[in-house]
Amino acid sequence: MAEIEIKGVGKTFRAFTALHSIDLTINDQEFVVLLGASGCGKTTLLRIIAGLEVPTTGEVWIGGRRVDRLPPRARGISMVFQNYAVFPHLTVFENIAFGLRMQRLPKPEVVRRVTRTAELMHIEQLLKRYSGQLSGGQRQRVAVARALAMEPDVILMDEPLSNLDALLRLEMRAELKGVLAASKTTTIYVTHDQVEAMSLADRIAVMHGGDIVQADRPVEVYRNPAARFVGSFIGNPPMNFLPARALGEGRWQVAGHDFVGPRSAAPQIEFAIRPEDLHPAEHGLVAEVRVVEPLGPHTLVTATVAGVMLRAVLESTLVVAPGDHLSLAPVADRIRWFDPETQKAIT
Amino acid sequence: MSKTTVHHAGNRLFLAAVVLACVWVLVPIYLLLINALSAPAEVTGFPKWFWPSFDLASIRFFLGFKGVTAALWSSVQVAVLTMVMAIGTGAPAGYALARFDFPGKQVFRFLVVMTRAFPLPLLALPLAVLFIRVGLDDTVLGLALVHTTLALPFAVLITYSLFSGIPYELEEAALTLGCNRVQAFFKVVMPLAAPGIAASAVFAFVVSWNEVFAAAVLTIEHRTLTAFLLQSLDVSPLPLKFAGGAALVVPALVFIFAVRKYLFAMWGIANR
Amino acid sequence: MPRLLPYLLLAPATAFLCLFFLYPFSLVAIDSLTRDGTWSLANFERMAGHWKFGPTLRNTLLLAAIVVPLQLTLALLMASMVTRLDRARGMVLYIFAIPLGISDLAAGLVWLAIFEQSGFLNSALSGLGLIDTPQLFLGYQSKGVIFTAVVLTELWRATAIMMVILVAGMGLIPKEYGEAAEVFGASRWQRFRRITLPLLKPSLQTALILRVIMAFEVFAVVLALGGTNLPVLMSETYNWQFTMQERGVAAAYAMVILAISVGFTVLILRLLHVPKEARP
């Protein structure tokens, strides 16, 4: 039961500014993912919320209480670490019980909670083992169980799946989503993996260069990127960008074609389209095919349009070879426009 | 000759070299032990037999010699004090170096590493005078202070590498699970670092146990075993020397065996 | 993190080193440069003017010049052996490391058991029928033998420390480098010479510095084997402090030891310098 408010939080390490001035409100029971490339400040922000890092400026409020000067233990949070941080000198049972013993809970309650969370994470048969006897996936489960056993107001997760192999990651992702939804705990989850972010989040906060560029529902972030960076970071392959020259009256010329766009005074803006929103059509952008990659369900085509590289995800039935010319038409209501000066979306 | 025979011959040569090197290390110790475990008459007799007679007379003579038991006791006291002081001051410093980034860190590291370029036993010369002034002359504590200076840089560097090897994440996890800093240290870091800290304590003990020059300079009445043996070198009979030598060597064998797993933790860090 | 915590943790060690390392060394320096309360070079003149100073300095430097290179070779050999072993590696390493825990005095006594008149060398030689009566190896006429005995003892005693540092250093060199060189046709010797040795430089540096400084501190080994027949810098320092009761001259000797120790440290650091970018 906790809402989190981050007000003007900034962090500077000596000469390096990791966070500028972050404002973010996370609702009770919401699952928010902080998404960004390494060095964007997402982990720093998480650690500030956890109390492992002191912000240089700003305030952090959890459940209506200002916590930014409190130690981690006084914040009602628990955390899952990237390398799991399962204590190697304690058994799985003692690891999960660690926080409960620190709270001096009565023994039967400790046993009850450890057993319950262990069952929840399917590790009840590992309780007597030590960390060294566990696989990476099992350690991951112990780390999550240890955090859940605390029954915290907020769970913080720092790239919890990044050290697992691809298949295990897929399995754990689905399981985490179920377990966390059932626990009704507010969750902040840091990752650099956009698929993970899309699949888990109620809301994604995309971070870049120490700022939150956009915080919105996954579909919104994907469909309506608020900034050029979001479009180029999310989506695989990412959004295509082509220069657009002003023709006046909200009309723009893109690779020899006229499009209706925003009314902007700028002489040149950027036209953007997702690769799956390009389709072969008679009067489209003329593209010279460079590379063809059949991926099974569809074919990825890399081509140049008026000298600019562009990717299109096309039907796998399409027969196409390098050197061919394709005419690709964008789906009209999926076209987005960006200001090259501010890098922001123009509507 | 086929390739495999060349290989075999090479292997045999290699094994022979390893055995030879082991013999080179072990045989001199064995010879000293023969002397220690033979009767005084056999020790001074000639020629010698290469097998001990297991006569404890030399050792009894050594232990009964005036001043020996007192010297042994002094050695133990100084070494234990050195161990406690070196780890007590060195381990916190090692922890600070491993965990924090702060202005002045490089200055401290330089100070520690610099001690290596100095012949530390020479410290005993000025301290001998200084100790008379403050009443520490010829005391166990005075000598232990000098030995601590010898052992401290090692204690700092060894514990630094030990603590660096324990992920900070574990401590942070403890912090998020309800510990304060002190609790996190004692509940998580200490149990993991304890064997290594014990090894470096043993190492500090050995440094003090073996030190000769400062001990000889700083003690007169309360001589340690090394100082006692050194100062009676030209007057003491051979059986006393060899039994005394054995008394110095045997603990060393045990100590090195006890810390063998940590030899690299101690010296591998030497590169930084 | 409380900002003062690291300084609090460093305070005891720093205070200790200042009080018992920096301060005493400045006292030695002052002692060596003053006589009867005034600044003077009299102590150094007295030291250098004494007939024993020349032989003392020569003995110490010669000993270091012979022992250290031999020891480096031996340590490299032993370290390579340990690295190549897979079975019994732990045991061999323990045996090789034993002298690490043995004091110089004990080592001197160990080798005294071999070289003294009724010792094992004489016993072996007479057993083989090579001599009729036991020889006096360590007498004052036979400085050459004493010197050799000291060299052997030092080789035996202090190779371990270099060996352990080098084994640790070799462990840090990824196997792939050697394998890559092998693929490109390098022989075992070439791989050692061109891959292992250059990458081992930082460890060599540490090992050499520690060892060279130990060589200038040589003391109890010499006393145990040669008594006063083979004066070295440390034993002369001890003599001036106690037998002659001239602390100023002892301090001057200390300054000489200090100067050559620091000088050689700087020299080794220079010669084996590895730029940060070129470290493995």
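What you are looking at is a predicted structure, and each value in this text was computed from that prediction instead of being measured.

Considering the overall build of chain B
Item 1. Across its full length, chain B holds 13 helices and 0 strands.
Item 2. Taking 2.2 N^0.38 as the reference for a compact globule, 272 residues should give roughly 19 Å; the C-alpha atoms of chain B span a radius of gyration of 23 Å, well beyond that estimate.
Item 3. Projected onto its principal axes, the C-alpha positions of chain B cover 75 × 70 × 35 Å.
Item 4. For chain B, the residues scored as buried account for 54% of the 272 residues in total.
Item 5. The contacts of chain B with a sequence gap of at least 6 include a subset with a gap of at least 24, amounting to 74%.

Brief notes about the domain arrangement of chain A
Residue and element names in this part refer to chain A.
Item 1. Assigned domains within chain A: domain 1 (4–231) and domain 2 (240–346).
Item 2. Relative to domain 2, the C-alpha centre of domain 1 lies at a distance of 38 Å.
Item 3. Contact residues are listed per partner, giving 6 residues for domain 1 and 7 residues for domain 2.
Item 4. Taken together, the residues of the side of domain 1 that touches domain 2 sort by class into 4 nonpolar, 1 polar and 1 charged.

Quick word on the interface of chain B and chain C
Item 1. Facing the 72 residues of chain B at the interface are 76 residues of chain C.
Item 2. Here the residues of the side of chain B that touches chain C are counted per class, giving 54 nonpolar, 13 polar and 5 charged.

Some points on the sheet that holds strand 9 (residues 203–208) of chain A
Through backbone hydrogen bonds, the strands of a sheet pair up, either in parallel or in antiparallel fashion.
All names here are of chain A.
Item 1. Pairing is mixed across the open sheet formed by 6 strands, whose spatial order is 6-7-8-3-9-10. Strands with a single pairing partner mark the edges of an open sheet, and in this sheet they are strand 6 (77–80) and strand 10 (211–216). Mean inter-strand twist for the sheet, computed between neighbouring axes without regard to direction, equals 20°.
Item 2. When strand 3 (residues 31–35) meets strand 8 (residues 186–191), the two strands line up parallel, connected through 5 bridges. Opposite Val-32, over in strand 8, you have Ile-188 as the bridge partner.
Item 3. The strands that helix 4 (residues 136–149) touches are strand 6 and strand 7 (154–158); relative to strand 6, the one it contacts most, it runs at about 180°.

Points about the pairing of strand 1 (residues 4–13) of chain A
Residues and elements named next belong to chain A.
Item 1. In this structure, strand 1 lies alongside strand 2 (residues 16–26), joined through 7 bridges in antiparallel fashion. Residue pairing for strand 2: Thr-12 is matched across the bridge by Thr-17.
Item 2. Direction of pairing for strand 1 relative to strand 4 (residues 57–62): antiparallel, over a ladder of 5 bridges. Bridge assignment links Ile-6 to a residue of strand 4, and that residue is Val-60.

Brief notes about the sheet that holds strand 2 of chain A
Item 1. Strand order in the open sheet made by the 4 strands is 2-1-4-5 (chain A), with antiparallel pairing throughout. The open sheet terminates on both sides in strands that have one partner only, identified here as strand 2 and strand 5 (65–66) of chain A.

Thoughts on helix 5 (residues 166–183) of chain A
Item 1. Taking 1.5 Å of rise per residue, 18 residues should cover 26 Å, and helix 5 of chain A covers 26 Å from first to last C-alpha, within 8% of that figure.
Item 2. Taken from the residues just after helix 5 of chain A, Lys184(A) is the one with a positive phi, measuring 55°.

Here's the deal with the environment of Val28(C)
Item 1. With respect to the helices and strands, the residue Val28(C) is situated in helix 1 (residues 5–33).
Item 2. Exposure remark for Val28(C): the 22 C-beta atoms within 10 Å place this residue in the buried category.
Item 3. Expressed as a C-alpha distance, the spacing of Val28(C) and Leu8(C), which sit 20 residues apart in the sequence, is 30 Å.
Item 4. If we ignore the near neighbours within four places in the chain, the residues touching Val28(C) are Leu122(B), Leu125(B), Pro126(B), Ala251(C), Ala254(C) and Met255(C).

Quick notes on the nonpolar core
Item 1. If you look at the biggest cluster of nonpolar residues, it comprises 260 residues, and the most contacted ones within it are Ala124(B) and Leu225(C).
Item 2. Of all the elements, helix 7 (residues 140–164) of chain B adds the most residues to this core, at 16 residues.
Item 3. With near-sequence residues (within four places) excluded, Leu225(C) lies in contact with Gly108(C), Trp111(C), Leu112(C), Phe115(C), Leu138(C), Ile146(C), Ala149(C), Val150(C) and Thr153(C).

Section: the pairing of strand 13 (residues 257–260) of chain A
Residues and elements named next belong to chain A.
Item 1. Of the pairings in the sheet, the one linking strand 12 (residues 251–254) to strand 13 comprises 4 bridges and is antiparallel in character. Note that in strand 13 the partner of Gln-253 across the bridge is Asp-258.
Item 2. Hairpin remark: strand 12 followed by strand 13, antiparallel, with 2 residues in the connecting loop; positive phi at Ala-255, about 45°.

Notes on the interface of chain A and chain B
Where the parts come together, the accessible area they lose is often given as the size of the interface.
Item 1. Counting residues at the interface gives 19 residues for chain A, matched by 14 residues for chain B.
Item 2. Secondary structure elements with two or more residues in the side of chain A that touches chain B: strand 6 and helix 2 (92–102) of chain A.
Item 3. When grouped by side-chain class, the residues that make up the side of chain A that touches chain B number 13 nonpolar, 5 polar and 1 charged.

What to know about the arrangement of the chains
Item 1. Pairwise contact counts over the 2 pairs of chains in contact peak for chains B and C.
Item 2. Across all C-alpha pairs, the smallest distance from chain A to chain C is 8 Å, and the two are not in contact.

With respect to helix 7 (residues 143–171) of chain C
Note that an α-helix has 3.6 residues per turn; residues three or four places apart therefore point the same way.
Item 1. With 29 residues, helix 7 of chain C ought to run about 42 Å at 1.5 Å a step, and its terminal C-alpha atoms sit 41 Å apart, in line with that.
Item 2. Its axis deflected by about 40° at Ala158(C), helix 7 of chain C carries its strongest bend there.

Observations regarding the packing of helix 8 (residues 168–176) of chain B against helix 9 (residues 181–210) of chain B
Residue and element names in this part refer to chain B.
Item 1. As a packed pair, helix 8 and helix 9 sit with axes 9 Å apart at the nearest point and diverge in direction by 135°. Between helix 8 and helix 9, the crossing angle belongs to the class labelled oblique. Every pair of crossing elements has a handedness; the one defined by helix 8 and helix 9 is right-handed. Contacts from Leu-170, Glu-171, Ala-174 and Leu-175 in helix 8 reach Ala-184, Lys-187, Val-188 and Val-189 in helix 9.
Item 2. Here the contact of helix 8 with helix 9 is built from residues that sort into 6 nonpolar, no polar and 2 charged.

Topic: unusual backbone geometry
Residues and elements named next belong to chain A.
Item 1. Cis geometry marks the peptide bond from Asn-236 to Pro-237; its omega dihedral reads 0°.
Item 2. Its identity is not glycine, yet Gln-29 carries a phi of approximately 65°, on the positive side.
Item 3. Residue classification places Gln-29 among the partly exposed positions, given that 16 C-beta atoms sit within 10 Å.

With respect to the domain arrangement of chain B
Residues and elements named next belong to chain B.
Item 1. Split by domain assignment, chain B resolves into domain 1 (1–63) and domain 2 (67–271).
Item 2. The straight-line distance from the C-alpha centre of domain 1 to that of domain 2 is 31 Å.
Item 3. Residue-level contacts link 13 residues of domain 1 with 11 residues of domain 2.
Item 4. Contributions of two or more residues to the side of domain 1 that touches domain 2 are made by helix 1 (3–36), helix 2 (40–44) and helix 3 (57–64).
Item 5. Taken together, the residues of the side of domain 1 that touches domain 2 break down into 10 nonpolar, 3 polar and no charged.

Describing the packing of helix 5 (residues 104–115) of chain C against helix 7 of chain C
Think of two packed helices as two axes; the pair is described by the angle between the axes and how far apart they sit.
Residues and elements named next belong to chain C.
Item 1. At a minimum axis distance of 10 Å, the contact between helix 5 and helix 7 shows a crossing angle of 130°. The angle between helix 5 and helix 7 falls in the class oblique. At the point where helix 5 passes helix 7, the crossing takes the right-handed sense. In contact with Asp-104, Ala-107, Gly-108, Trp-111 and Phe-115 of helix 5, helix 7 contributes Ala-149, Leu-152, Thr-153, Trp-156 and Arg-157.
Item 2. For the contact of helix 5 with helix 7, the residue count by class is 6 nonpolar, 2 polar and 2 charged.

Reading the values: rules and limits
Residues numbered from 1 in each chain as written. Chains lettered and ligands numbered in written order. Predicted model: local features only at pLDDT ≥ 70, side-chain atom pairs only at ≥ 80, totals over all residues. Helix = DSSP H or I, 4+ residues; strand = E, 2+ residues; numbered from the N terminus. Rg over C-alpha atoms; globule rule 2.2 N^0.38 Å. Buried ≥ 20, exposed ≤ 12 C-beta atoms within 10 Å, placed from the backbone. Contact = placed C-beta atoms within 7 Å. Domains from an automatic or database assignment. Nonpolar A, V, L, I, M, F, W, Y, C, P; charged D, E, K, R; others polar. Pairing = 2+ DSSP bridges. Axes fitted to C-alpha atoms, helices over the stretch in contact; angles between N-to-C directions. Expected span 1.5 Å × (residues − 1). Core = buried A, V, L, I, M, F, W, Y, C linked by C-beta atoms within 7 Å. Bend = angle between axes of the 7 residues up to and from the residue. Parallel < 35°, antiparallel > 145°, perpendicular 65-115°, else oblique. Left-handed = near helix turned anticlockwise from the far one by under 90°.

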